[in-house]
Amino acid sequence: METKLQYIPLIQEGEISTGERVYFEIDEKTVMLFRVGDAYFAVGDVCTHDDGPLGDSDLEGYELVCPRHGARFDIRDGKALCLPAVRPIPSYPVRIHEGMVEIGIQG
């Protein structure tokens, strides 16, 4: 059975500045929404290396750098970019709909 995406509105477009992030609780998981330039990206707040939070991570371009062991993840697709992480972090599709930034979750 095919699972359809359900889009959830989070914030108004332009509500956060480029380089900033905001946190949301969705289905008992913390999701981070980033703005880089005019684009928005959403990833889970969990490092796949140690299951710790990524909330204090530095953002370097599109790379999120884990503060504990230096694993890097691409916020565009969640891909693990270097050891010690080998698995991607959760990544969510983002769209702008009627002026709202929305993320897609499996519904």
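Refer to the structure presented above.
In this text the structure is predicted, and so the values were computed from the model without any measurement.

**Digging into the packing of aromatic side chains**
All chains considered together, the criterion is met by one aromatic pair. Relative to Tyr62, the ring of Phe41 has its centre 5.6 Å away and its plane inclined at 85°; by these criteria the two rings are edge-to-face. Separated by 21 residues along the polypeptide, Phe41 in strand β4 (residues 39-44) and Tyr62 in the loop between β5 (58-60) and β6 (63-65) bring together distant segments of the chain. Residue Phe41 is classed as buried on the basis of its relative accessible area of 14%. Residue Tyr62 is classed as partly exposed on the basis of its relative accessible area, which comes to 31%.

**Points about the pairing of β4**
In terms of burial, β4 is a largely internal element, five of the six residues being buried. Of the strand pairs in this sheet, strand β3 (residues 29-36) and β4 are connected by six bridges, and their pairing is antiparallel. Considered in β4, the bridge of Arg35 is made with Tyr40. Joining the antiparallel neighbours β3 and β4 is a turn of two residues, in which Gly37 adopts a positive phi near 65°.

The rules behind these values
In every chain, residue numbers begin from 1 and rise along the written sequence. Confidence filtering applies because this is a predicted model: local features only for residues at pLDDT of at least 70, side-chain atom pairs given and counted only at 80 or more, and all residues used for totals across whole chains, interfaces and linings. Excluding hydrogens and water, the side-chain figures rest on all heavy atoms present in the structure. When two rings of Phe, Tyr or Trp (its six-membered ring) have centres within 6.5 Å they constitute a pair, described as stacked for plane angles under 30 degrees, edge-to-face for angles over 60, and tilted for the intermediate range. Helix and strand assignments come from DSSP, with helices taken as H or I runs of at least 4 residues and strands as E runs of at least 2, each series counted from the N terminus. In this scheme, a residue with accessible area under 20% of its type's maximum is buried, one over 50% is exposed, and one in between is partly exposed, where area comes from a 1.4 Å probe on protein chains only. In this analysis, strands are considered paired if DSSP registers two or more bridges between them.

Just distances and angles here, no functional claims.
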